[in-house]
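A structural walkthrough
Residues per chain are reported as follows:
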Amino acid sequence: MATTGKDIAASIRERIEEFTPAEAVANVGVVAEVGDGIARIRGLGAAGYGELLQFPQGTLGLALNLEEDYVGAVILGDFSQIGEGDAVRSVGRALEVPVGEALLGRVVDPLGRPLDGKGPVRSAKGRPVERMAPDVTSRRPVDTPVHTGIKAIDSMIPIGRGQRELIIGDRSTGKSAIAVDSIIAQKDSDLVCIYVAIGQKTSRVAQVVATLEEHGAMEHTAVVVAGASDPAPLQYIAPYAGCAMGEEFMEQGRDALVVYDDLSRHAWAYRQLSLLLRRPPGREAYPGDIFYLHSRLLERTAKLVPEQGGGSLTALPIVETQAGDISAYIPTNVISISDGQIYLETDLFNAGIRPAINIGLSVSRVGGSAQRKAMRQVASRLRLELAQFHELQAFAQLGAADLDKATRGQLERGRRITEILKQGQYSPASLGKEVMILYAVTNGYLDDVPVTKCVAWEAEFCRFADTSHPELEKRINDEKEISPKTEEALRSVILQFKAGRSY
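This section reports on the structure supplied with the text. (Residues numbered from 1 in each chain as written. Predicted model: local features only at pLDDT ≥ 70, side-chain atom pairs only at ≥ 80, totals over all residues. Heavy atoms only, no water.)

**Side note on the overall build of the protein**
Heads up, the condition is: A run of H or I in DSSP counts as a helix once it spans at least four residues, and a run of E counts as a strand once it spans at least two, with each numbered from the N terminus. Whether a residue is buried, partly exposed or exposed follows from its accessible area with a 1.4 Å probe, protein chains only, as a fraction of its type maximum: under 20%, in between, or over 50%, in that order. Any two residues whose heavy atoms approach within 4.5 Å at even a single point are treated as in contact. Every accessible area reported is derived by Shrake-Rupley at a probe size of 1.4 Å, with residue values counting cover from the shown protein chains alone. In this tally, Lys and Arg are treated as positive and Asp and Glu as negative; His is ignored, and so are the chain termini. By convention, the charge on Lys lies at NZ, on Arg at CZ, on Asp at CG and on Glu at CD.
A tally of helices and strands in the protein yields 15 helices and 17 strands. For the protein, the spread of C-alpha atoms along the principal axes amounts to about 115 × 65 × 45 Å. Across the 503 residues of the protein, 52% fall into the buried class. In the protein, the proportion of contacts linking residues at least 24 apart, taken out of those at least 6 apart, comes to 74%. As presented, the protein carries roughly 22,800 Å² of accessible surface, and 52% of it is formed by carbon and sulfur atoms. Averaging the locations of the 56 positively and 65 negatively charged side chains of the protein gives two centres separated by 4 Å.

**Quick word on the pairing of strand β5 (residues 70–76)**
To keep it simple, the criterion reads: The criterion for strand pairing is that DSSP finds at least two bridges linking the strands in question.
Summarising burial for β5: six of the seven residues are buried, a large majority. Direction of pairing for strand β4 (residues 60–66) relative to β5: antiparallel, over a ladder of six bridges. Paired with Asn65 across the strands is Gly72, a residue of β5. Counted along the chain from β4 to the antiparallel partner β5, the turn is three residues long.

**Describing a nonpolar patch on the surface**
To keep it simple, the criterion reads: Candidates for patches are residues over 30% relative accessible area with no salt bridge; among them, like charges are joined within 9 Å and nonpolar side chains (Val, Leu, Ile, Met, Phe, Trp, Tyr) within 5 Å. Take a side-chain nitrogen of Lys or Arg and a carboxyl oxygen of Asp or Glu: if they are within 4 Å of each other, that pair is a salt bridge.
Together, Ile8, Ile12 and Ile16 give the surface a local cluster of nonpolar side chains, amounting to about 300 Å² of exposed area. Examined against the element boundaries, Ile16 turns out to sit in helix α1 (residues 5–18).

**Some words on the environment of Ile168**
As for its position among the elements, Ile168 is in strand β10 (residues 166–169). With sequence-adjacent residues up to four places away left out, Ile168 is seen in contact with Lys175, Val319, Thr321, Ile326, Pro331, Ile335, Gln341, Ile342, Tyr343 and Leu344.

**Some remarks on the sheet that holds β5**
Whenever strands of a sheet pair, they do so through backbone hydrogen bonds, lying parallel or antiparallel. Threshold: An axis is simply a line fitted to the C-alpha atoms; with a helix, the fit covers only the stretch in contact. Between two such axes, the angle follows the N-to-C directions and lies from 0 to 180 degrees.
Reading around the barrel, the six strands line up as β1-β2-β5-β4-β3-β6 and close back on themselves, with antiparallel pairing between neighbours. With direction set aside, neighbouring strand axes in the sheet form an average angle of 45°. Summarising the sheet, strand β3 (residues 51–54) and strand β6 (residues 87–94) pair through three bridges and their orientation is antiparallel. Bridge pairing in β6 places Glu51 opposite Ala94. The strands touched by helix α5 (residues 232–251) are β4 and β5; relative to β5, the strand with the most contacts, the crossing angle is about 85°.

**Digging into empty space enclosed by the protein**
Keep this limit in mind: We place a 1 Å grid over just the protein atoms. Points where a 1.4 Å probe fits but has no way out form a cavity, open points with protein on both sides within 12 Å along at least 5 of 7 lines form a pocket, and any residue with an atom within 4 Å of a point lines it. Grid points are joined across faces, edges and corners, and a volume is the space filled by probe spheres set on the points. For this classification, the nonpolar set comprises Ala, Val, Leu, Ile, Met, Phe, Trp, Tyr, Cys and Pro, the charged set comprises Asp, Glu, Lys and Arg, and every other residue, Gly included, is treated as polar.
Evaluated as defined, the whole model comprises one cavity of 30 Å³ or more. Lining of the largest cavity is provided by Lys433, Met436, Cys462, Ala465, Asp466, His469, Pro470 and Glu473. Of the residues forming the lining of the largest cavity, the biggest block, three residues, is contributed by helix α13 (residues 454–468). Its residues assigned to classes, the lining of the largest cavity comprises four nonpolar, one polar and three charged.

**A look at the packing of aromatic side chains**
Threshold: Ring geometry is summarised as follows: Phe, Tyr and Trp rings, the Trp one being its six-membered ring, pair when their centres sit within 6.5 Å, and such pairs are stacked at plane angles under 30 degrees, edge-to-face over 60 and tilted between the two.
Scanning the entire structure with this criterion turns up eight aromatic pairs. An angle of 80° between the planes, with centres 5.3 Å apart, marks the rings of Trp457 and Phe497 as edge-to-face. You can see Trp457 sitting in helix α13 and its partner Phe497 sitting in helix α15 (residues 484–498), a full 40 residues away along the chain. An angle of 70° between the planes, with centres 5.5 Å apart, marks the rings of Phe461 and Phe497 as edge-to-face.

**Quick word on the packing of helix α11 (residues 405–420) against helix α12 (residues 431–442)**
In plain terms, the rule: If an angle is under 35 degrees, it is roughly parallel; if it is over 145, roughly antiparallel; if it lies from 65 to 115, roughly perpendicular; otherwise it is oblique. Crossing handedness is defined as follows: a turn of the near helix away from the far one that is anticlockwise and smaller than a right angle gives a left-handed crossing, while the clockwise case is right-handed.
At a minimum axis distance of 10 Å, the contact between α11 and α12 shows a crossing angle of 165°. With respect to α12, the axis of α11 lies roughly antiparallel. Relative to α12, the crossing made by α11 is right-handed. Of α12, the residues touching α11 (which contributes Arg413, Arg416, Ile417 and Ile420) are Ile437, Leu438, Val441 and Thr442. Among the residues making up the contact of α11 with α12, the classes are represented as five nonpolar, one polar and two charged.

**Quick notes on the packing of helix α7 (residues 290–298) against helix α8 (residues 329–337)**
Their axes nearest at 10 Å, the elements α7 and α8 cross at an angle of 35°. As α7 runs across α8, the sense of the crossing is right-handed. Contacts between α7 and α8 involve Ile290, Phe291, His294, Ser295 and Leu298 on the former and, on the latter, Tyr329, Ile330, Asn333, Val334, Ser336 and Ile337. Of the residues contributing to the contact of α7 with α8, the split by class is seven nonpolar, four polar and no charged.

**Comments concerning the pairing of β10**
Two faces make up the sheet, and in a regular strand the side chains alternate between them. Burial along β10 is two-sided: Leu166 and Ile168 facing one way and Ile167 and Gly169 facing the other are all buried. Across four bridges, β10 lies against strand β16 (residues 340–344) in parallel orientation. Pairing of Leu166 across the sheet is with Gln341, part of β16. Bridge count for β10 against strand β15 (residues 312–320) is three bridges, and the pairing is parallel. Pairing of Ile167 across the sheet is with Ile318, part of β15.

Remember, this is a structural readout, not a statement about activity or role.
Encoded structure:
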């Protein structure tokens, strides 16, 4: 039976009458004032702290000031197209970034947008950039080392998985170099790395990325960039975004390392935002919550209990000092939050001691529990020898002629240890090589080698061991301790190398 036009019209009318529109409530406000990356918005009474806001043309913002009549928001992007009277919509959720394996090998901004020209980041999962740190019951003691490949650090200032170790020093003393070397050293390990560049020049970040690619380290590394030319809000959220990316791996039961380069510029960006948001300034014009800025970031670093997967997140925050003043506001704040610091000194750097680590002011509060047994076996002797050297050095300057033979011997040993601890950039050593070299110098096998030839001796010895006895380094790497049999073999290799060589 054919359907008439009258029947169709009646059916449509009936459907219209039955239709009940779903209620949609949108929290919408109006821009009252905008400038310098900050917007004051009227009418967003239901907005929460840290909530994401949508401006015209798709620009995002973050609500940071909740006042009686206005919401103060920072704009995460170009604010030149935003004007007074523009409608602003509350998204109803916190800021999230993409996370997961898709980020490895990529260079992204703090919102997860690609900067490397390799297409979109294909990640199906996101995480909020802000999050509560794991509680005490979720954590377990740090007992596994992060092998940096840097002899001075692995032996005397060990870094453990789940630790927060601050790298601090003046400009151009090698802070970033230590962090980059630590990432390169993870090439054949299971540690995932995230490098967060905050307020750095684009050319410098490009150089770091090129270095990581050259050494095959980008395969296990994600780079988050908020450059010097980027808005202060992006610099502010950059470390939290990098931390969220690392937390995803930690909660999968894996180990991750995050480098924040550097938190001084992060504090500057937050001070700028706070002053523009009309928050009351405190010491050095920083806002009153400047300590909380970094504590809520670094406390997210942890080593989880096995019931929660047993993963870990390690942090290497970097802080720049002015004229070596580690008692300034931001340095003391971060020192008090972290589990130790590696202090780099300008005078040592200029004297050719690189890495320019001041052993007296550097400390790891995790200590030997974050070292392999093989390293502990040689490092305890090393610390003692170096401490005696620094103690005696001041007396030696008064007149070496009056020193007895034992004192002169300690001074000579200390000079050779100082030379052996020198290390070129982008050349991290394996655990086996570190242990072999440190065993040789602490047991007096370099006492007859001139100080000026110690570095050359080390290079020749490593070549000799690689070609003639490669099984020794492999045994130390596998067993992670110096057994009596291994020690006998190591002593034999050193004596073979020294035989027939005169200095």
